[in-house]
Each structure stands twice: as structure tokens, then as C-alpha cells.
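Now for the letters of each chain:
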Amino acid sequence: MFIAQFSTWIVYIFYLLGTCFVYILLNGSYLFYEYYYATTVPVKHQYEYIIVGTGTAGSIIAAEIPSGDVLIVEAGSMRPALMDVPLFQPLFQGTSYDWQYRTESQNMACSALNENRSAWPMGKVFGGSHMLNNMVHYRATREDFEGWFDTEEELAKFMEYFQNWGADSTTAMEMQTFSTGLDRAFIRAAEQAGLNSSLFYRPNVTMKNGRRWTTSHQSFSKSLKTHEIVFNAEVEKIIIENGKAVGLLFNKNSNLVEVKATKGIILAAGTVGSTKILLQSGIGPKEHLEKAGVQTIVNLPVGNNLQDHVTTGMDLILLSERMPMRLMNLIHPRNLWNYFINNGQNSSISFGGCECLGFVNLDSNFTHDIGFMVLPVGITVDAGAHLRALINLQADVWNQYFKPLVNQDKQSVTVLPILLHPKSRGYIRISSTNSRSNLIINPNYLRDADDVQTLITGLNILQHIIKQPAMQSLGAEINPKLFPGCQNYQFSSDSYWECYIRALTLTLYHPVGTCRMGNENDPEAVVSNRNLKVHQLSNLYVIDASVLPNLPSGNPNSIVMALANYFLNKNFPHR
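Here's a quick rundown of the structure.

Quick notes on the overall build of the chain
A count of helices and strands for the chain gives 15 helices and 28 strands. Its C-alpha radius of gyration of 24 Å places the chain within 12% of the 25 Å reference for a compact globule of 575 residues. The principal-axis extents of the C-alpha atoms in the chain amount to approximately 75 × 55 × 45 Å. When burial is assessed residue by residue, the chain has 59% of its 575 residues classed as buried. Within the chain, counting contacts between residues at least 6 apart in sequence, those at least 24 apart form 72% of the total. Element-wise, carbon and sulfur atoms account for 51% of the exposed surface of the chain, whose accessible area totals about 22900 Å². Put simply, the chain has 43 plus and 47 minus side-chain charges, and the middle of one group is 5 Å from the middle of the other.

Structural notes on the environment of Leu-459
Tracing the sequence through the fold places Leu-459 in helix α12 (residues 449-466). By relative accessible area, Leu-459 is classed as buried at 0%. For Leu-459 and Ile-418, which are 41 residues apart along the polypeptide, the C-alpha to C-alpha distance reads 9.5 Å. Excluding anything up to four places from it in sequence, Leu-459 contacts Thr-312, Leu-316, Pro-417, Trp-497, Tyr-500 and Ile-501.

What to know about unusual backbone geometry
The backbone of Cys-110 shows a phi angle near 65 degrees, a positive value even though the residue is not glycine. Looking at the element boundaries, Cys-110 is found in the loop between β3 (101-102) and β4 (119-120). A residue is classified by how much of its surface remains accessible, and Cys-110, at 0% relative accessible area, is buried. Located in the positive-phi region is Asn-305, a residue other than glycine, with phi close to 65 degrees. Within the secondary structure, Asn-305 is located in the loop between β16 (298-299) and β17 (310-311).

Observations regarding the packing of α12 against helix α14 (residues 494-503)
In the contact formed by α12 and α14, the axes pass within 10 Å of each other and the chain directions differ by 110 degrees. Taken together, the axes of α12 and α14 lie roughly perpendicular to each other. Between α12 and α14 the crossing geometry is right-handed. The segment α12 lies against α14, with Val-452, Leu-455, Ile-456, Leu-459, Asn-460 and Gln-463 engaging Asp-494, Trp-497, Glu-498, Tyr-500, Ile-501 and Arg-502. Here the residues of the contact of α12 with α14 sort into seven nonpolar, two polar and three charged.

A look at the packing of aromatic side chains
Taken as a whole, this structure holds 29 aromatic pairs when the rule is applied. Between the aromatic rings of Tyr-496 and Trp-497, the centroid separation amounts to 5.2 Å while the plane-to-plane angle is 65 degrees, which identifies the pairing as edge-to-face. Summarising the burial analysis for this pair, Tyr-496 and Trp-497 share the class buried. Counting every residue linked through ring pairs, the aromatic cluster contains Trp-398, Tyr-401, Phe-402, Phe-483, Phe-491, Tyr-496, Trp-497 and Tyr-500. A cation over an aromatic ring shows up here: Lys-124 above the ring of Trp-99, its NZ or CZ 4.5 Å from the ring centre.

Here's the deal with helix α9 (residues 333-340)
Along α9, the residues that are buried comprise Asn-335, Leu-336, Asn-338 and Tyr-339. An end-on view of α9 places all buried positions within 160 degrees of arc, on one side of the element. Among the exposed residues of α9, those oriented more than 90 degrees off its buried face are Arg-334 and Trp-337.

Focus on helix α11 (residues 395-402)
Residue pairs spaced three or four apart in an α-helix point in one direction, given the helix's 3.6 residues per turn. Of the residues making up α11, those classed as buried are Val-397, Trp-398, Tyr-401 and Phe-402. The arc that holds the buried residues of α11, viewed along the axis, is 100 degrees, so those residues lie on one side.

A word on the pairing of strand β1 (residues 46-52)
Extensive coverage of β1 is indicated by the burial of five of its seven residues. Relative to strand β14 (residues 255-267), β1 is paired through six bridges, and the arrangement is parallel. Note that in β14 the partner of Gln-46 across the bridge is Lys-260. Examined bridge by bridge, β1 and strand β2 (residues 70-73) share four bridges and lie parallel to one another. For Ile-51, the partnering residue across the bridge sits in β2 and is Ile-72. Running through helix α2 (residues 56-64), the crossover from β1 to the neighbouring parallel element β2 is right-handed.

Structural notes on the sheet that holds strand β6 (residues 174-175)
Spatial strand order, β5-β8-β6: three strands in an open sheet with antiparallel pairing. With partners counted over all chains shown, the strands left at the sheet margins are β5 (136-137) and β6, one partner each. As paired elements, β6 and strand β8 (residues 204-205) share two bridges and run antiparallel to each other. Residue pairing in the sheet places Met-175 in a bridge with Asn-204 of β8.

Structural notes on the pattern of salt bridges
Taken as a whole, this structure holds 16 salt bridges when the rule is applied. Linking Asp-183 and Arg-202 is a salt bridge whose minimum nitrogen-to-oxygen distance equals 3.1 Å. In this pair, Asp-183 is assigned in helix α4 (residues 182-192) and Arg-202 in the loop between β7 (200-201) and β8, connecting sequence segments 19 residues apart. Of the charged contacts, one joins Glu-520 and Arg-530 as a salt bridge, the two residues approaching to 3.1 Å between their closest N and O atoms. Of the two residues, Glu-520 sits in the loop between β26 (517-518) and β27 (527-528) while Arg-530 sits in the loop between β27 and β28 (540-542), which places them 10 residues apart along the sequence. On the basis of relative accessible area, Arg-530 is assigned to the partly exposed category, the value being 46%.

Remarks on the packing of α2 against helix α15 (residues 557-571)
Their axes nearest at 8 Å, the elements α2 and α15 cross at an angle of 35 degrees. Handedness of the α2/α15 crossing: right-handed. For the pair formed by α2 and α15, the contact residues are Thr-56, Ala-57, Ile-60, Ile-61 and Glu-64 on the first element and Asn-557, Val-560, Met-561, Ala-564, Phe-567 and Leu-568 on the second.

Remarks on the side chain of Thr-311
With respect to the secondary-structure elements, Thr-311 resides in strand β17. A relative accessible area of 1% means that Thr-311 is categorised as buried. Here the side chain of Thr-311 touches Pro-417 through a polar contact of 2.7 Å, landing on its backbone oxygen. Setting aside residues no more than four positions away along its own chain, Thr-311 makes contact with Leu-416, Pro-417, Ile-418, Leu-504, Thr-505, Leu-506, Thr-507 and Leu-508.

Quick notes on the rules
Residues numbered from 1 in each chain as written. Predicted model: local features only at pLDDT ≥ 70, side-chain atom pairs only at ≥ 80, totals over all residues. Heavy atoms only, no water. Helix = DSSP H or I, 4+ residues; strand = E, 2+ residues; numbered from the N terminus. Rg over C-alpha atoms; globule rule 2.2 N^0.38 Å. Buried < 20%, exposed > 50% of the residue type's maximum accessible area, 1.4 Å probe, protein only. Contact = heavy atoms within 4.5 Å. Areas by Shrake-Rupley, 256 points an atom, 1.4 Å probe, with all protein chains shown as cover. Lys, Arg positive; Asp, Glu negative; His and termini not counted. Charge placed at Lys NZ, Arg CZ, Asp CG, Glu CD. Axes fitted to C-alpha atoms, helices over the stretch in contact; angles between N-to-C directions. Parallel < 35°, antiparallel > 145°, perpendicular 65-115°, else oblique. Left-handed = near helix turned anticlockwise from the far one by under 90°. Nonpolar A, V, L, I, M, F, W, Y, C, P; charged D, E, K, R; others polar. Phe/Tyr/Trp six-rings, centres within 6.5 Å; stacked < 30°, edge-to-face > 60°. Lys NZ or Arg CZ within 6 Å of the ring centre and 35° of its normal. Arc of directions from axis to C-beta. Pairing = 2+ DSSP bridges. Right-handed = clockwise from strand over helix to strand, strands pointing away. Salt bridge = Lys/Arg side-chain N within 4 Å of Asp/Glu carboxyl O. Polar contact = N/O pair within 3.5 Å; in protein donor to acceptor, adjacent residues only side chain to side chain.

Following this line, the structure appears as C-alpha cells:
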């Protein structure tokens, strides 16, 4: 018996070492770019266009812009090939490929997190945050975009762009093939609970042959062949002359480099990044800029209107049946074969984390009010080695509530109820003229009582689903242990759930809105909803999630794809 088990482990170890060796070889091509571009600066001082950021929107624009004179500025480095492995996504959070932002201390939320601060990982790498997300491709509806445009014709045109870049014609989209069976049970249980079964489904993901496949993968060859790119270059500010963006300053290896743009500067640095650059450039609320010591160039509400999808419920569900997500399952020869030889089909290595999505309408003005994301694991899956640090969880909360789940007979899994349309609004500010100073990110989580009530409703719906036969067949139950700080409330009461939500307040990593689009008469708008140009300035554009006026009823990545196509068609109709 011992010899047989030992032999099995030897085989697994060789498989694992072989896998690492293959990926070290694959990383060689990326490491070449990293070495080559480590000290590279632009060969010219002037270009037609400068694109800041290589995330979802920046990569699309870089590949499609009809100009051969383009400079791409990326704050991070070239991605390693290991980032293309979907299952490895959490390993790169908290590293040099992540901006590692933290919010301000929250007064009415996040009390189970260190200093009441939420961790906001965002991609500082070629490909942006699309290299760190769960790859979920949300199928938006027309209602998601209501009020974004001035006419029905413009809205219809944008829906057309969404269909072209954000739906089935996207070449980087596959149905998630790996399943633990939890998704089927949850979908069936939702139907048994009387919910609309068509709104519970396995997600499409931005993946190709089992590998993460972002818009930067699609544009990689074209961007590097036809455009110039500089890595590890953090933009300090946009240079404005007579109401026109004419260039920018960026920091490369502790040296300031100035480059000019004759036709346009396109910010695609993300909700936090683009906001920061505009504020540092003197484009923002005058009162705030003066307080930070920055001269105001244009008084615009940059940094306002911050919104984020809020969730809770990590490791809240206990199952008597084990999910095939343990180390022995991952390195099993069949699992490795399916990933490397069978294009990732039915391999947990190609699993991005989300097994099932669900949406519920509470008869409001929105398409959906509450979302559900089903994960067959929780932060206890690694026994506290890494994942708990990613959400900034307090040590005593881990020890009291989560650690006992590690070695118990039942397995903990996660179903996240999602607040899709929060009423709470926050802001982003800079603290000084020093671009290295900490940003002030305050989402004001759960400041509006209605947001808490919606999440309580979501947890009550979740409890109803868990009681259905399909989930009971897995031995599902809500973890009965009282959450630290909530022991004085009756378990499962609305008061208990409010305490739980305000303690374990989690981001779904979807901040939007700080450079919202609207027409020139909209006092809350930063960029035009006709062409995404910054108001009161020429030759300066913003195309990323920061321009969304409000959150959609799902993951915004597919909508950012559509916005990039919208920008291209509006500004280069004959390309």
C-alpha cells in the first residue's frame, strides 16, 4: 500500500515538474520582451497618437487605429505566460503585476478587513486588469445602457457596437467547460425555488483553447509590429496648451520623459489610472485640485460618481460532498492531459473561478437588481496561505471564523449575492502634487441603507435556493457559525445579516464612473457621449470603465470592448 501510494506521488511530482519546465520555456519569449524593453524609451519626441494603457480598451484601439505613427505607454511590464493559465489568476494579485490599491477606511462597511480597507487589485501589466479578472463575459441588454446617450438612434448604434465587440462575434470567447457539478445543482435549485431559470447559467469566458485570451492577446503582434511601445512608464501628467492636449510626461527608470502628440492622446488606464492622470494634470474639481496644490486647467467633476459592485458571503455554504478542486485533482494526469493536449476542455486548470451566474429582478427600474456568482471554493481552499490576504482579512476573523473550516468534514464553497446597482457613491482624489503619493479611493460602501437591504434580500434568496432538493442532494447548508462581531444577533435574522454584510463587505472588482460620459450640458459629465472626448479640451479622450455613467447589471469588461469600438467608429468612420 505504502509503495503504491509513494509511486503515485512520484508520478504526480514528475508531471508537476514537467509542467513547470514547459512554462519556463514558454515564458522565454515574454521574458525577451521584458529584457528588451526594460530600458527602452521612445525613439522619437513626437507621434500622431499616444495611447496610455494596454488593457481591454487600449489594446483594441491600438490594433484598429488607422495610423502608423502611434506610441503606446504601459505602466507595467510584459505579461509572463503563466498569467495565461486561468487557475493561476489569484497568484498574481499582490505582486508587481498589480497596482495593489487600498480604499480609505470605510465607516459603514468592511469592519472585518484590516483598517476597514478594501483591497482593489488592478492590472499593472500588458493587458491591464483583464489579466487578473475571472474572464466572465457579460451578455448585456439594452436596458443596461438607458440614459447613456441623447437619442434612441445613438443607443441603437451602441448596441450594434456591443454585438460586434461584446457578444458572440468576439473570437476570444468560449463556454466554460469545466464543471464540479455545483453549477448544475444551483441552476436546478433556482428553478425549483420558482426563479426564472433562463437567468441562471454557466458563463461565457474570454478564453481560447483553455488559455486566458484578452484583447491584448489579439492585438499583441499588430501593436508591436506597427506601433512603438514603452513599458514600465508611469504617466505623470498630460501637457495642455491653449485648451489642447499636446503631449505627456512619463516616468521611466526615475527619469522624466516628454513626448508630444499631434492628433490625440487616448487615456485607457482604467477607472483609477485615468482619473489619477487627469487630476495630476489639473483636470478636475477646482476646489479639490487647489487643496492638493495642483493648478486647475479645466474644472470638471473628475473622480466623482465612483461606483462598484459590492458582494459578501465568502465560504458561506457548506457541502457534505467534496468538490474536485484539491491539489490531487489539479495535478491528476487526466486533468493535465485535458489542459495541455485537449485545449483545456474539462480541465480545472482552465477554470477561471466562476462556475455559474444568476440574476434576479426585484421589480425595480433595472433589468436585474441582484446577481449571484457561484464559486466551488472559498478563501479557505489554500488553508490561509494567500487568498485571505488578497481581501485584506483581519487575522482574528480568519482564526475565529474561517480557519475552523479548513479541516472539517464538510467543504465550504461560495455563492456571492451581488449588489448590481448601488445607490452609494464615492470618489477618487489625489493627496498632493507628488504622483507617488497615495491615492484617496473612497467608494463609500453601504452608505445608503437601501444597498444593505438589497444584499439582505440577496442572502434570503440564497437561503431559499439552498433549501431546494437539488442543493440538498449535495448536503448544502448555510454555515451556522456566528460571524465575529455579530454574536449578539439571532442567526439568519435581518439584523444578523446586516451585521455580516457590513463586516464582510467585498468588492467584485468593478469600479466605474469617475470620468462619466454625457453631453456638454450635463454638469456631472467629464467626457462627451458622442465621441468620448474630454469636455472643454481638444485632442484628449478617455476610453475605459471610468466613462460608464452607471454600473451595468453584470461584469463591465464586455461593455468596455463596445466602448472602444464606439470610439473608433465615431472618430475614424472611414478606417
